[in-house]
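# Results of the structural survey
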Amino acid sequence: MAVAAAVKLRADATRNRERIIVAAREALLEHGTDAPLDEIAKRAGVGNATVYRHFADRQELSLQVALSVMDRITQRAEEALAQEPDAFDALRRFVHEAADERVGALCPMLSTGFGKGDPRLEEGRIRLEHAIEELMAAGRRSGRLRADIDVGDVMVAVSQLTRPLPGKHCGSMERFIRRHLQLFVDGLEAPARSELPGASATFEDLRQCR
């Protein structure tokens, strides 16, 4: 009985932790890094003490949100490449699914030195970069992805198009995102219809911008 009770407590704690991370992600998307912890606890359906029991401070909670989002985006890239018979269709699927994670709303947090030097964040970034690079390499081999595009070009577009619009909440934002993402993906397909200015952007270029 004692063992069963301990297992149940661990399972409950794991569920609470996941609920807090999901709630924090939603709050960060709406309010930025200053999202009230009271609001996060309320969304998760737990008390403030439960939040602090799982996360030492706001910084640790924000880090876990970032790790969770990166892990989910990485999985999206890996699954798209594994499941779609056409590599360019896999890239198209990934772009739209990455937008579901609203990476643009989290980019400001990741570009300000947040979590710098944390091995968990660096490991997550490396895995994410590798997954997207593999996806785009497959697209190039298929002949459907134009040759003058690199990973940074895709991630800049996705992050910019999913960044919240200034001012009041836009109820039709989802419609705008889908339309403009589709326009963007159409522009990635070979043969290229125009010559792009400058050089293609890599992940290294994005790192140097932070």
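Bear in mind that the values here come from a model prediction, so they are computed numbers and not experimental data.

Below, the discussion takes up the pattern of salt bridges. In total, this model carries 19 salt bridges according to the counting rule given. Close ionic contact of glutamate 39 with arginine 43 constitutes a salt bridge, the shortest N to O distance being 2.8 Å. Taken together, the residues span about one helical turn, with glutamate 39 and arginine 43 both in helix H2 (residues 37-44) at a distance of 4 residues. Residue glutamate 39 is classed as partly exposed on the basis of its relative accessible area, which comes to 26%. Classification of arginine 43 as partly exposed rests on a relative accessible area of 29%. Between aspartate 118 and arginine 120 there is a salt bridge, with the nearest N and O atoms lying 2.9 Å from each other. Residue class for aspartate 118 comes out buried when judged on its relative accessible area of 17%. What makes arginine 120 partly exposed here is its relative accessible area of 35%. Among the charged side chains, a network of salt bridges with common partners joins Arg25, Arg72, Arg76, Glu84, Arg93, Glu97 and Glu101.

For the rest of this paragraph, the subject is the nonpolar core. If you look at the biggest cluster of nonpolar residues, it comprises 51 residues, and the most contacted ones within it are Ile40, Phe94 and Ile132. Mapped onto this core, the elements with two or more residues apiece are helix H1 (2-31), H2, helix H4 (58-83), helix H5 (87-100), helix H7 (119-142), helix H8 (151-161) and helix H9 (173-188). Of the residues forming this core, the biggest block, 10 residues, is contributed by H4. Non-local contacts of isoleucine 132, meaning those with residues more than four positions away in its chain, are made with Ala77, Phe94, Val151, Met155 and Phe203.

What follows concerns the environment of valine 185. Mapping valine 185 onto the fold places it in helix H9. Residue classification places valine 185 among the buried residues on the basis of a relative accessible area of 0%. Put simply, valine 185 and leucine 91 are 94 residues apart on the chain and 8.4 Å apart in space, counted from C-alpha to C-alpha. Apart from the residues within four sequence positions on either side, valine 185 is in contact with Phe88, Arg92 and Val95.

Here we take up the environment of glycine 139. If you trace the backbone, glycine 139 turns up in helix H7. When the C-alpha atoms of glycine 139 and alanine 87 are compared, they prove to be 4.8 Å apart, with 52 residues separating the residues in sequence. Excluding residues within four positions of it along the chain, glycine 139 makes contact with Ala87, Arg144 and Leu145.

An α-helix turns once every 3.6 residues. As a result, residues three or four positions apart point the same way. Taken residue by residue, H2 has Leu37, Ile40, Ala41 and Ala44 as its buried positions. Seen end-on, H2 carries its buried residues on one side only, within an arc spanning 95°. In H2, the exposed residues that point more than 90 degrees away from the buried face are Asp38 and Lys42. Directly after H2, the chain includes glycine 45, whose backbone phi takes a positive value near 75°.

Thresholds, definitions, all that
- Residues numbered from 1 in each chain as written.
- Predicted model: local features only at pLDDT ≥ 70, side-chain atom pairs only at ≥ 80, totals over all residues.
- Heavy atoms only, no water.
- Salt bridge = Lys/Arg side-chain N within 4 Å of Asp/Glu carboxyl O.
- Helix = DSSP H or I, 4+ residues; strand = E, 2+ residues; numbered from the N terminus.
- Buried < 20%, exposed > 50% of the residue type's maximum accessible area, 1.4 Å probe, protein only.
- Core = buried A, V, L, I, M, F, W, Y, C linked by side-chain atoms within 4.5 Å.
- Contact = heavy atoms within 4.5 Å.
- Arc of directions from axis to C-beta.

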